[in-house]
Amino acid sequence: MGVRWARTNNLVGTVLDEYFKGPGATEKTSYGWIALYNGFTGYDSFEVRDGVVHVYLKGTCDRAGATYTIADLLTRNLKQFPEIRFVKIYDENGATQNPNGLSDSIPACLQP
């Protein structure tokens with residue numbers, strides 16, 4: 001866990017951009033930060049509606065047996081802001097397990 005400062009008026013976009021930048025050299029060596037991508041290379045778009053952020057990822061999903069995934073990290077990072085109550089993450093095909101309603105949702109390919 002750590003802090004990365006970024007000036008913005010677009011909190012969700014900045015969180016996603018900073019996440020996909022990955023850790024810098026100091027963050028890797030001094031803090032031991034690593035990045036989990038599970039085959040995703042970035043995001044195509046996102047939208048926030050009624051406290052729910054919908055994030056559309058690009059790349060090819062690959063859970064590779066991991067029990068902790070990019071979905072866990074993105075959800076935790078985005079929910080640090082009080083205006084974000086739920087996070088719905090979509091795979092490269094635009095699919096997520098629970099696209100409707102007030103709940104978190106991840107693609108089936110990231111399900112443990």
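Preceding block: the structure.
Notes on the structure follow. A quick note: this is a predicted structure, and the numbers were derived from the prediction, not measured.

1. Observations concerning the state of the cysteines
Here, disulfide denotes a covalent bond that connects the sulfur atoms of two cysteines.
Link 1 in the chain: All told, the structure shown has one disulfide when counted by the stated rule.
Link 2 in the chain: Two residues share a disulfide in this structure: Cys-61 and Cys-109, whose sulfurs sit 2.0 Å from each other. Judged by the torsion about the S-S bond (100°), the Cys-61/Cys-109 disulfide is right-handed. You can see Cys-61 sitting in the loop between β2 (52–59) and α3 (70–78) and its partner Cys-109 sitting in the segment after β3 (86–90), a full 48 residues away along the chain.
Link 3 in the chain: Owing to a relative accessible area of 15%, Cys-61 belongs among the buried residues under this scheme.
Link 4 in the chain: Overall, Cys-109 belongs to the partly exposed group, its relative accessible area being 28%.

2. Regarding the nonpolar core
Link 1 in the chain: Core analysis: the biggest nonpolar cluster contains 21 residues, and Leu-57 and Leu-78 have the highest contact counts within it.
Link 2 in the chain: Elements with a minimum of two residues in this core: α1 (11–21), β1 (40–49), β2, α3 and β3.
Link 3 in the chain: Ignoring anything within four residues of it in the chain, the contact list for Leu-57 reads Phe-20, Phe-40, Gly-42, Tyr-43, Asp-44, Leu-74, Ile-89, Tyr-90, Asp-91 and Glu-92.

3. A look at the packing of α1 against α3
Link 1 in the chain: Interhelical geometry of α1 versus α3 gives an angle of 140° and a closest axis separation of 10 Å. Considered as vectors, α1 and α3 are oriented oblique to each other. Crossing hand, α1 versus α3: right-handed. Note on element contacts: α3 touches α1 through Ile-70, Leu-73, Leu-74, Asn-77 and Leu-78, opposite Val-12, Val-15, Leu-16, Tyr-19 and Phe-20.
Link 2 in the chain: Among the residues making up the contact of α1 with α3, the classes are represented as nine nonpolar, one polar and no charged.

4. Some words on α1
Link 1 in the chain: In terms of burial, α1 is largely enclosed, as eight of its 11 residues are buried.
Link 2 in the chain: Among the residues of α1, Val-12, Gly-13, Thr-14, Val-15, Leu-16, Glu-18, Tyr-19 and Phe-20 are the ones counted as buried.
Link 3 in the chain: Buried-residue contacts for α1 involve β1, β2 and α3.
Link 4 in the chain: Note on α1: the residue one or two positions beyond its end, Gly-22, has a positive phi of about 80°.

5. Points about the packing of aromatic side chains
Link 1 in the chain: Tallied over the full model, the rule gives seven aromatic pairs.
Link 2 in the chain: Look at Phe-20 and Tyr-37: their rings are 5.9 Å apart centre to centre, the planes differ by 25°, and that puts the pair in the stacked class. Residue Phe-20 is located in helix α1, and its partner Tyr-37 is located in the loop between α2 (25–31) and β1; the two are separated by 17 residues in the primary sequence.
Link 3 in the chain: A centroid spacing of 5.6 Å and a plane angle of 35° characterise the contact between Tyr-31 and Trp-33, whose relative ring orientation is tilted.

Reading the values: the criteria
- Residues numbered from 1 in each chain as written.
- Predicted model: local features only at pLDDT ≥ 70, side-chain atom pairs only at ≥ 80, totals over all residues.
- Heavy atoms only, no water.
- Disulfide = S-S within 2.5 Å.
- Helix = DSSP H or I, 4+ residues; strand = E, 2+ residues; numbered from the N terminus.
- Buried < 20%, exposed > 50% of the residue type's maximum accessible area, 1.4 Å probe, protein only.
- Core = buried A, V, L, I, M, F, W, Y, C linked by side-chain atoms within 4.5 Å.
- Contact = heavy atoms within 4.5 Å.
- Axes fitted to C-alpha atoms, helices over the stretch in contact; angles between N-to-C directions.
- Parallel < 35°, antiparallel > 145°, perpendicular 65-115°, else oblique.
- Left-handed = near helix turned anticlockwise from the far one by under 90°.
- Nonpolar A, V, L, I, M, F, W, Y, C, P; charged D, E, K, R; others polar.
- Phe/Tyr/Trp six-rings, centres within 6.5 Å; stacked < 30°, edge-to-face > 60°.

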